[in-house]
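Understanding the architecture of this molecule
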Amino acid sequence: MNKKVGPILALIVFVIILIGGYFLGKYIAEEYNKKHNTNMNIFEIMKIEQEDIPINYVLKDGPKSIKELCGKDTGICNKEVGRIILNNAESKLYIYNNFDNPNDDAINYFKLNNTKVGSFIYLDEFAILGNYLIITEPNSINNNYIIHIYDNIGKEITNYTATNIIKNYEIKDNNLYFYYCDPADTKEIAGNILPKVSYYKVSSDNINEKNEESFEYKACS
């Protein structure tokens, strides 16, 4: 009897430890995710905690230019620049950007974890709007630029054409604001043909709809 009891007790103790470890790990993960606004399991958290380099959430404090993220403005940027959190999921942000691109080739891109996104001629700014990632893409022809909006897996949800008037886009209270100069809509004022300049708002709760907050006919620059 004693020979049978020993293994059974050992098995019971093992099961108790296993169950206790499961619930302890679950509790630790819940507290960590609550504190850091993430959604990771205990093994992902243990991996992070074991890393020597502190995690750099690069867009936590607001938009960053490509120069700020890469740490230089010449040559080639080809590295992981930090991490971002979108929709409670953490992703590594990797950037490839050739600052010397004389032929305007669409060779620049970024990655969320291992997902490659886009082929851009220029990359300008990265920002977070609610649960979305914003990338701005300027051009060398005029003051217009494109605001690309992506979800947490790198899928482009929508984009908007904007015009750099006074300043670029602005993010306030989880809303996106930007100007757009429409050359197809003009009015003659005091002998001058002036285009319509609209001021738009996009809410992070309805990313596919832009609302015109105001407009006036004036010069675009």
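Before reading further, recall that the structure is shown in the block above.
Here goes a summary of the coordinates provided.

Thresholds, definitions, all that
- Residues numbered from 1 in each chain as written.
- Predicted model: local features only at pLDDT ≥ 70, side-chain atom pairs only at ≥ 80, totals over all residues.
- Heavy atoms only, no water.
- Helix = DSSP H or I, 4+ residues; strand = E, 2+ residues; numbered from the N terminus.
- Buried < 20%, exposed > 50% of the residue type's maximum accessible area, 1.4 Å probe, protein only.
- Contact = heavy atoms within 4.5 Å.
- Areas by Shrake-Rupley, 256 points an atom, 1.4 Å probe, with all protein chains shown as cover.
- Pairing = 2+ DSSP bridges.
- Axes fitted to C-alpha atoms, helices over the stretch in contact; angles between N-to-C directions.
- Phe/Tyr/Trp six-rings, centres within 6.5 Å; stacked < 30°, edge-to-face > 60°.
- Lys NZ or Arg CZ within 6 Å of the ring centre and 35° of its normal.
- Disulfide = S-S within 2.5 Å.

The next point concerns the overall build of the chain. Counting its secondary structure elements, the chain contains 3 helices and 13 strands. Across the 221 residues in the chain, those meeting the buried criterion constitute 35%. Counting only contacts in the chain whose residues sit at least 6 apart along the sequence, the fraction spanning at least 24 positions is 37%. On the chain, roughly 13700 Å² of surface is accessible, and the fraction owed to carbon and sulfur atoms is 51%.

What follows is about the sheet that holds strand β13 (residues 210-217). The pairing of strands in a sheet comes from backbone hydrogen bonds and takes either a parallel or an antiparallel form. Spatially, β10-β11-β12-β13 is the arrangement adopted by the 4 strands of the open sheet, whose pairing is antiparallel. With one partner strand each, in any of the chains shown, β10 (170-172) and β13 form the two edges of the open sheet. Put simply, the sheet's adjacent strands are angled 30 degrees from each other on average, direction ignored. In the sheet, β10 pairs with strand β11 (residues 175-189) via 3 bridges, with the strands oriented antiparallel. The residue bridging K172 from the neighbouring strand is N175, located in β11.

Moving on, we come to the packing of aromatic side chains. With the rule as written, the count across this model stands at 10 aromatic pairs. Ring centres of F178 and Y200 lie 5.6 Å apart, and the angle between their planes is 35 degrees; on these two criteria the pair is classed as tilted. Here Y200 lies in strand β12 (residues 192-203) and F178 lies in strand β11, a separation of 22 residues in the sequence. In this structure Y200 comes out as buried when scored by relative accessible area, which is 12%. The rings of F110, F120, F126 and Y150 are connected pair by pair, giving a single aromatic cluster. Across the ring face of Y109, the terminal group of K116 is positioned such that the distance to the ring centre comes to 4.4 Å. When the ring centre of Y177 is taken as origin, the NZ or CZ atom of K172, which lies over that ring, is 5.1 Å away.

Turning our eyes to something else, we now look at unusual backbone geometry. Even without a glycine there, the phi angle at N87 is positive, about 55 degrees. For N87, a relative accessible area of 44% corresponds to the partly exposed category. The phi torsion at A190 lies on the positive side, around 55 degrees, for a residue other than glycine. Inspection of the secondary structure puts A190 in the loop between β11 and β12.

This next bit is on the state of the cysteines. According to the stated counting rule, one finds 2 disulfides in the structure shown. Across the disulfide, C70 is cross-linked to C77 (sulfur-sulfur distance 2.2 Å). The sign of the -85 degrees torsion about the S-S bond sets the C70-C77 disulfide as left-handed. The same class applies to C70 as to C77, namely buried. Across the disulfide, C181 is cross-linked to C220 (sulfur-sulfur distance 1.5 Å). With C181 in strand β11 and C220 in the segment after β13, this residue pair connects regions lying 39 residues apart in the sequence. Taking the relative accessible area as the measure of exposure, C181 reaches 6% and is therefore buried.

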